Amino acid sequence: MVSLICTLQDHRDDVNWCAFSGTLLATCSGDKTIRVYNTCDFSELSFSPLSGHGYGVHCCCFSACGQFLASCSTDATTVIWSMATGEIEAVLQHPGRSPVRVCAFSPDSAHLVSGASDGTLALWDFPSKELHRTGAVIDTTMVACSFSPCGQLFMTGSTYGDLRLWDLDMNQLHAEKNAHDLGVTCCTFAPNILSGGQVVQFRLASCGQDSHLKIWAINKSISGGYKMQLLHTLKGQSAPVLSCAFSSDGQLLVSGSVDKTVTIYDANNVALLYTLNQHERYVTACAFSPTSPLIATGSMDKSVNIWRVDDGCSGHGGANRPGLTSILTPSLSGRTLAGRSKLLVSDWSEEDVSAWLVDEGLEGLVDKFRANNIDGTELLSLTKDILASDLHIESVGLRSKVLRKIEEMKSASVCSGVPDEFLCPITRELMREPVIAADGYSYEKEAIESWINTKNRSSPMTNLPLFTTLLTPNHTLKMAIGRWRTSH
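Residue positions are given per chain, counting from 1 as you read along its sequence in written order. Thresholds applied to this predicted model are a pLDDT of at least 70 for local features of residues and 80 or more for the giving and counting of side-chain atom pairs; totals over whole chains, interfaces and linings are not thresholded and use all residues. Side-chain measures were taken over the full set of non-hydrogen atoms in the model, leaving aside hydrogen atoms and water.

S.K.: I'm lost on the packing of aromatic side chains in this one. Help?
M.R.: Aromatic ring pairs are described here by two measures, namely the spacing of the ring centres and the angle between the planes. Note on aromatic pairs: the rings of Phe, Tyr and Trp (six-membered ring only in Trp) are paired at centre separations within 6.5 Å, and the planes decide the class, stacked below 30 degrees, edge-to-face beyond 60, tilted for the rest. For the structure shown, the criterion picks out five aromatic pairs. Geometrically, the ring pair formed by F154 and W166 is stacked, given 6.3 Å between the ring centres and 10 degrees between the ring planes. In this pair, F154 sits in strand β15 (residues 153-158) while W166 sits in strand β16 (residues 163-167), placing the two residues 12 residues apart along the sequence. Within the aromatic cluster, the residues linked to one another by ring pairs are F68, F105 and F126. For a Lys NZ or an Arg CZ to count as sitting over a ring, it must be within 6 Å of the ring centre and within 35 degrees of the ring normal. The side chain of K129 reaches across the aromatic face of F68, ending 5.5 Å from its centre. Secondary structure elements follow DSSP: runs of H or I no shorter than four residues count as helices, runs of E no shorter than two count as strands, and numbering proceeds from the N terminus.

S.K.: Could you clarify how one ought to interpret a positive patch on the surface in this entry?
M.R.: Positive charge collects at one region of the surface, where R12, K32, K260, R281 and K302 lie side by side. Only protein chains enter the calculation, and the probe is 1.4 Å; a residue is then buried if its accessible area is under 20% of its type maximum, exposed if over 50%, and partly exposed in between. Assessed through its relative accessible area of 60%, R12 is described here as exposed. Patch membership is restricted to residues that have no salt bridge and whose relative accessible area is over 30%. Joining uses 9 Å for like charges and 5 Å for the nonpolar side chains Val, Leu, Ile, Met, Phe, Trp and Tyr. To be clear on the numbers: accessible area is Shrake-Rupley with a 1.4 Å probe, and residue cover counts the displayed protein chains and nothing else. Any carboxyl oxygen of Asp or Glu that lies within 4 Å of a side-chain nitrogen of Lys or Arg is treated as forming a salt bridge with it. A residue counts as positive if it is Lys or Arg and as negative if it is Asp or Glu; His and the chain ends are not included. Just so you know, the charge point we use is NZ for Lys, CZ for Arg, CG for Asp and CD for Glu.

S.K.: I would appreciate a short explanation of the pattern of salt bridges in the present structure.
M.R.: Note that side chains of opposite charge can pair when their charged atoms are close. This structure, assessed with the given rule, holds five salt bridges. Linking R164 and D162 is a salt bridge whose minimum nitrogen-to-oxygen distance equals 2.3 Å. A relative accessible area of 2% means that D162 is categorised as buried.

S.K.: What am I meant to see in the state of the cysteines here?
M.R.: Simply put, the disulfide is a covalent bond whose two ends are the sulfur atoms of two cysteines. The definition used for a disulfide is geometric: two cysteine sulfur atoms within 2.5 Å. The final tally for this structure, using the stated rule, is zero disulfides. For C72, which is in no disulfide, the shortest distance to another cysteine sulfur is to C103 and amounts to 3.7 Å. Not engaged in a disulfide, the cysteine C187 finds its nearest cysteine sulfur in C186; these two sulfurs lie 6.3 Å apart.

S.K.: Can you help me understand the sheet that holds strand β23 (residues 252-257) in this one?
M.R.: What links the strands of a sheet is backbone hydrogen bonding, and the strands pair in either a parallel or an antiparallel sense. Taken together, the four strands give an open sheet; going across it, the order is β22-β23-β24-β25, and neighbouring strands pair in antiparallel fashion. The open sheet is flanked by β22 (241-246) and β25 (271-276), the only strands paired with a single partner. Geometrically, the sheet is characterised by an average inter-axis angle of 20 degrees between neighbouring strands, direction not taken into account. One ladder, built from five bridges, connects strand β24 (residues 262-266) with β25; its direction is antiparallel. Opposite I264, over in β25, you have Y274 as the bridge partner. For two strands to be treated as a pair, DSSP must find no fewer than two bridges joining them. Between the N-to-C directions of two axes lies an angle of 0 to 180 degrees, each axis being a line fitted to C-alpha atoms and, for a helix, fitted only over the stretch in contact.

S.K.: Help me understand the sheet that holds strand β12 (residues 120-125), please; the structure alone is not making it clear to me.
M.R.: With antiparallel pairing, the four strands of this open sheet are ordered in space as β10-β11-β12-β13. Whereas interior strands pair on both sides, the edge strands pair on one side only; in this sheet they are β10 (100-105) and β13 (130-136). Recorded for the sheet is a direction-independent mean angle of 20 degrees between the axes of neighbouring strands. As defined by bridge partners, strand β11 (residues 111-116) adjoins β12 across five bridges and the pair is classed as antiparallel.

S.K.: Can you walk me through the pairing of β13 in this structure?
M.R.: Consecutive side chains along a regular strand alternate between the two faces of the sheet. Relative to β13, β12 runs antiparallel, the two sharing six bridges. From the neighbouring strand, W124 faces β13, where its bridge partner is L131. Hairpin connection of β12 to β13: four residues between the antiparallel strands, including K129 at a positive phi of 60 degrees.

S.K.: Help me understand unusual backbone geometry, please; the structure alone is not making it clear to me.
M.R.: Backbone phi values are negative for most residues with the exception of glycine, while trans is the configuration of most peptide bonds. The amide bond that connects S48 to the next residue, P49, takes the cis arrangement and shows omega of 5 degrees. Inspection of the secondary structure assignment puts P49 in the loop between β4 (33-38) and β5 (50-51). We note that D139 has phi near 60 degrees; this positive angle belongs to a residue other than glycine. Among the secondary structure elements, D139 is positioned in the loop between β13 and β14 (142-147). Judged by relative accessible area, D139 falls into the exposed class, the value being 70%.

S.K.: What's the story with the pairing of β4 in this structure? I'm lost.
M.R.: Counting buried positions over the six residues of β4 gives five, a clear majority of the element. Pairing geometry for strand β3 (residues 24-29) and β4, over five bridges, is antiparallel. When the bridges of β4 are listed, L25 appears paired with Y37. Linking two consecutive strands that pair antiparallel, namely β3 and β4, is a turn of three residues; a positive phi of about 80 degrees is found at K32 within it. The pairing of β4 with β5 spans two bridges and is antiparallel.

Spelled out as structure tokens, the structure:
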């Protein structure tokens, strides 16, 4: 079920946008301010509201780590705020000085894009705050923008009704004209990258003045071309749909409408799950928290409602998602490993490793392992060479037995009901720094970098060439792994 947990009523004009970081919620309004709340109890931060714009604020978004907040306004600027102090870090003047309607960070926060009322786009190098590229679509207003999860592409939507796909050099890769009759209002990429055969696929949701919420597939072939295919048209609302957002695992899709409703869909099965009727005027904004089962919805009634999804559909409760993985201490040979049964192997202490050696009949190696300070993380990374040269285990048979027991432990962990989503496909170990490669799969950063350097840029999962060696941090997966570790 979905329950309303609180209503924020601090703005004095229409709420135009809501955005979450891992710990904060930001809302912006026609009252020229941005308000920032702590998501633990939704108390307003001491430096909130942020007042630096001369006119209404249309959009706001957090950098990937939540350290910075960007906001854009009719005053033709995009302002960068520090979330540590509430101070202004930079003011980015839009080329042409046209009102800025939308802004969005790339997943790695390397770039920030802003779109304006005159149809112009500005792509900023975020670390330097310098203008990187500009682009434009004539005779329209840019009102929607979203980066792909790989960070190398972004989609824009305009009042003309078209969706356009761009690369970081501001080349138009695809134009879907008349995607929404009477105009696009919002678009957002799903966090997942799908890969199969010779195609990499992204999913995009868009909504518009035609009262429709649409789900699209954006396919990139191995040749480099892009095609856009309409998969579903959702008609759960009776008036223009003004905003939409995916949950952090891509399983849920929320939208807000002029009919004052908020709808929540199962994005995979395209089923309407809930219709929420709490706002008194148009619902202009909606956002999912990346770290907890919360939704924020903003409205022209000047309020922001905070909803909790309690049925686990959003995946915050540990629902599986293809392409993710993890490793939990198994019960070996039916034994219960006292004191270790609820720990990740990578979190074992040296004492836990010693106890495991005894359990496996390898007590003769305890002193060698202790002398070399072998803990759980190092245990998982042992190789024949390390056993021979560092631990001085001379017996080939004994070295093989140790490695076989480690592999049995890893296999048992996968079979013990632990999601296979948090393990690196290369090492089969718990990922600590997961990254997304061009094949759409997530890997441990060190493992895929080593693979790319030695395997001629082929995909470990498909054996097809990787069209780029760029690796994008998978913050959603890293947070999911952290939540899973905490709950176990």
